[in-house]
Amino acid sequence: MRRVQFFDTTLRDGEQSPGVNLSAKEKVALALQLERLGIDVIEAGFAAASPGDLEAVRQVGEAVGSATVVSLARAVPADIEKAWEALKHAKNPGIHVFLATSPIHRKYKLNMTKDEVLERAESAVRLAKQYFPNVEFSTEDGGRTEKAFLCQVAERVIEAGADVLNIPDTVGYLTPQQYGEIFRYLRENVREIDKVKLSAHCHDDLGMATANTLAAIEAGVDQVEGTINGIGERAGNTSLEEVAMALATRKDYYQATTGLNLKEIAKTSRMVSKMTGMFVPGNKAVVGANAFAHESGIHQDGMLKNSSTYEIMRPEMVGYEASRMVLGKHSGRHAFRDKLKSMGYEMSDEQISQLFVRFKELTDRKKVIEDEDIASLVEERWAGEKEVYTLETIQLSYGNQSVPTASVQVVDVRDQRRLEEASCGNGSVDAIFKAIDRVTGESMHLVDFQIASVTHGKDALGEVYVKLKQEDRIVQGRGVSTDILEASARAYIHAVNRMIARRDGGIKMENAPVSVGS
Ligand SMILES: CC(=O)SCCNC(=O)CCNC(=O)[C@H](O)C(C)(C)COP(=O)(O)OP(=O)(O)OC[C@H]1O[C@@H](n2cnc3c(N)ncnc32)[C@H](O)[C@@H]1OP(=O)(O)O
Ligand SMILES: CC(C)C(=O)C(=O)O
Ligand SMILES: [Mg+2]
C-alpha cells in the first residue's frame, strides 16, 4: 500500500484566515503538536511577510525535530533569501516557492506573459535550490491554468531542480473529476515527471476541498496539503483530519496509508481552535462536537445494539473518549433505559414507561436533557416534589454604600417549624444564598447561576437556575418570579430540597426505584 505524505499549512495558509494572528510561541507549540500528529512537512509561515513571521519560522525550524519545516516565498530573490535567513539553522529546512500561472492571474495580477512566468519560475527554483535541500514549487491558481501551459511550467521547474510540484486549486473552483484529471494529464505529458513528487492543495470555496484532495490521491499524488480544522483563506483549506480519516476508514478503496498518529487528531484540533479563536462547528466532520454524538431514538437503539450501525469510525481512533448519546426530543426508550442504568437506577419496564412520558414532556421544553434532569425526574416521580423547606419571606437591605443583608424565613415541613436567619453577602443574591445556608443548616457550593427571562415586557417572569454541589453530588434548582431576587431564593431552596432528597433518600415513597449509584 502506498504512503501519502501530509503537508500541513495551518501556520501559513491557516493563519491567512481573517482575524488570525499567531505568535512565535504559539506557532512553536502548534508545530510540536503537528509533529506528534505525524505531519511530514510543516509550513511555518511566510518569512518575507514580516520580521515577526521570519522569527516565528526560525523558531519553528529549530524546535521541530523530524518533520521538514518550510517557509512560503514568492518567486523573487528577496523572499527566497528571507526564507533562508529564517531556516538556515533548521534541522530539516525546505522552501515553498510559488508563482501564479493562470491567464487571469498573469493578466490582472502579475502583468506577465507566459514566457516571463516560465523564466521567473525557473530562476526562482534555481536560486532556491542553491540554499535549500528541499524545494517545492506551486503553480498558484493552477486549477484555472491551461493544461498545456502547466506542462511547460512543470518541465521548467523540474529542470531547475524542484523536488515537489504542487498544483493548487487556489480558488476552490474545480470538481473532483477535473482536479484528478490534471494530475493524470501531467503524468502523461510532462518529461521527467517522476523526478518530482506531485502535491495537491485545495480550497473549500464550493465545499469540495476534501473531495478534490481525495480525487488527487486517486490520481496518484504523493503529497496532500491542508490545515487542521480546515481553517484558511476565505472558506478555508482542505481539512487534513478529514482526508486522513477517509484514507483510514476507506483503505479498501483508496489503498493508501499515512504516517499520522490518528489518536492525536482531537487534541490537535482543540489546540488549533483555541489558539486561533476559530471555533469548530458542531457538525464538522471528524472533529465537531457532534461528530460522534447520537440524539435520535432509532440511531441510539442501533448504536446500543452495535456501533457499526451508525458510526463508520470509532471516536477512540481520533482521540475522543467515546461516542455520546445525547438525550433529547428525538430519543427513544432504549436510550432512556440505558441512561437510567448508567446513572445507577434499576427500574422495572413499567417504571421506565411511566418516567418516559414525563421525559418526553420535558424534551418539549428543554433542548438537551442532562443527567441532573433525569435525576430530578426520578426524584419528582418517586420522592415527589415534596419539599423539606418552603420559602415564606425574604427581606433585603441594599444600598450602594452599605453591605447587602438578607433575612430569610422558611418553614421546615417535617415539623412545621418556622425558622429565620440573616446574613450579609457580596451582593444581594449572595446574601440570600448565605442566609438560606444558615437557616437550613446546609453547606452548599454554588457551581452555576443563570438568569433568563421567561416572558417579555416590564412584567417579564424571571427564571433562575442554580447548580449546587455538596460533596460529590450536584443538583439543579429552578425558581420563577417577576422579581429575580425572589426567583433566586426559590431556585436555591428548590436545589437544597433536591440535595437533601438525593443525599438522604428524601421523603421515601413506596415502589421507588433502587439507586445503586453514588
Ligand atoms: C494563494 C496564497 O495563499 S498566496 C500567499 C498569500 N499570503 C500573503 O500574501 C501573506 C503575506 N504577504 C505579505 O505580507 C505581503 O503581501 C508581502 C510582504 C509578501 C508583499 O507586500 P508588498 O510588497 O507590499 O506587495 P503587495 O502584497 O501589495 O502586492 C504583491 C506584489 O507581489 C507580486 N506577486 C504576487 N505573487 C507573486 C509571486 N508568487 N512571485 C512574484 N511576485 C508576486 C504582485 O504582483 C504584487 O506586485 P506589484 O507590487 O509589482 O504589483
Ligand atoms: C501558495 C499557494 C500554494 C496557495 O496557498 C494556494 O494557491 O492556495
Ligand atoms: Mg492556499
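Rules used throughout
- Residues numbered from 1 in each chain as written.
- Chains lettered and ligands numbered in written order.
- Predicted model: local features only at pLDDT ≥ 70, side-chain atom pairs only at ≥ 80, totals over all residues.
- Helix = DSSP H or I, 4+ residues; strand = E, 2+ residues; numbered from the N terminus.
- Rg over C-alpha atoms; globule rule 2.2 N^0.38 Å.
- Buried ≥ 20, exposed ≤ 12 C-beta atoms within 10 Å, placed from the backbone.
- Contact = placed C-beta atoms within 7 Å.
- Axes fitted to C-alpha atoms, helices over the stretch in contact; angles between N-to-C directions.
- Parallel < 35°, antiparallel > 145°, perpendicular 65-115°, else oblique.
- Left-handed = near helix turned anticlockwise from the far one by under 90°.
- Pairing = 2+ DSSP bridges.
- Near = placed C-beta within 6 Å.
- Nonpolar A, V, L, I, M, F, W, Y, C, P; charged D, E, K, R; others polar.
- Expected span 1.5 Å × (residues − 1).
- Right-handed = clockwise from strand over helix to strand, strands pointing away.

*Asks:* How do you make sense of the overall build of the protein when you look at a structure like this?
*Replies:* Helix and strand counts for the protein stand at 17 helices and 20 strands. The C-alpha atoms of the protein give 31 Å as radius of gyration, which overshoots the globular expectation for 518 residues (24 Å, by more than 25%). Projected onto its principal axes, the C-alpha positions of the protein cover 95 × 60 × 45 Å. By residue count, 44% of the 518 residues in the protein fall in the buried class. Sequence separation of at least 24 residues holds for 66% of the intrachain contacts in the protein that already meet a minimum separation of 6.

*Asks:* It is not clear to me how the packing of helix 5 (residues 114-131) against helix 6 (residues 147-160) should be interpreted in this structure. Could you clarify?
*Replies:* Each pair of packed helices can be described by the angle between their axes along with the distance between the axes. Helix 6 packs onto helix 5 with a crossing angle of 25° between their chain directions and a minimal axis gap of 8 Å. In terms of their interaxial angle, helix 5 and helix 6 are classed as roughly parallel. For the pair helix 5 and helix 6, the sense of crossing is right-handed. Taking contact as the criterion, the partners of Lys114, Val117, Leu118, Ala121, Glu122, Val125, Arg126 and Lys129 in helix 5 are, on helix 6, Phe149, Gln152, Val153, Arg156, Val157 and Ala160.

*Asks:* Mind showing me how you'd approach the sheet that holds strand 16 (residues 417-424) here?
*Replies:* Picture the strands of a sheet paired through backbone hydrogen bonds; they go either parallel or antiparallel. Here we have three strands laid out as an open sheet, ordered 14-15-16, and antiparallel in their pairing. At either margin of the open sheet sits one strand with a lone partner, and together these are strand 14 (389-397) and strand 16. Neighbour-to-neighbour, the strand axes of this sheet turn through a mean angle of 20°, independent of strand direction. Where strand 15 (residues 405-412) and strand 16 come together, eight bridges link them in antiparallel fashion. Paired with Gln409 across the two strands is Glu420, which belongs to strand 16.

*Asks:* Help me out: how do you make sense of the site of ligand 1 in this one?
*Replies:* Taken together, 15 residues are adjacent to ligand 1, and Phe46, Ala49, Arg74, Ala75 and Leu99 come closest. The residue makeup of the shell around ligand 1, split by class, is eight nonpolar, two polar and five charged.

*Asks:* Would you take a moment to explain helix 6 for this structure?
*Replies:* For an α-helix the count is 3.6 residues per turn, leaving residues at separations of three or four pointing the same way. Here helix 6 is 14 residues long and its end C-alpha atoms lie 20 Å apart, about the 20 Å a rise of 1.5 Å per residue gives. What helix 6 keeps buried is the set Leu150, Val153, Ala154, Arg156, Val157 and Ile158. At its buried positions, helix 6 is contacted by helix 5, strand 6 (135-140), strand 7 (164-169) and helix 7 (176-189). Gly161 lies just past helix 6 and shows a positive phi near 110°.

*Asks:* Would you mind going over unusual backbone geometry with me for this structure?
*Replies:* Where the residue is not glycine, phi is negative for most of them; where a peptide bond is considered, it is trans in most cases. Positive phi outside glycine occurs at Asp141, with the angle close to 60°. Relative to the elements of secondary structure, Asp141 occurs in the loop between strand 6 and helix 6. Backbone geometry at Val286 places phi at a positive 70°, although glycine is not the residue there. By the secondary structure assignment, Val286 is in the loop between helix 11 (265-276) and strand 11 (293-294). Of the residues examined, Val286 has 28 C-beta atoms within 10 Å and is grouped as buried.

*Asks:* How do you make sense of the site of ligand 2 when you look at a structure like this?
*Replies:* Around ligand 2, a shell composed of Asp13, Leu72, Phe98, Ser138, Glu140, Asn166, Pro168, Thr170, His201 and His203 is seen. At the level of elements, strand 6 and strand 7 are the ones that each hand at least two residues to the shell around ligand 2.

*Asks:* Quick question: what am I supposed to make of the pairing of strand 6 here?
*Replies:* Taken residue by residue, a regular strand's side chains alternate between the two faces of the sheet. Among the six residues in strand 6, six count as buried, and that is most of the element. Of the two faces of strand 6, the one holding Val135, Phe137 and Thr139 and the one holding Glu136, Ser138 and Glu140 are both buried throughout. Pairing of strand 5 (residues 93-100) with strand 6 involves six bridges; the strand directions are parallel. Bridge assignment links Ala100 to a residue of strand 6, and that residue is Glu140. Examined bridge by bridge, strand 6 and strand 7 share three bridges and lie parallel to one another. From the neighbouring strand, Glu136 faces strand 7, where its bridge partner is Val164. For the crossover from strand 6 across helix 6 to strand 7, the handedness is right-handed.

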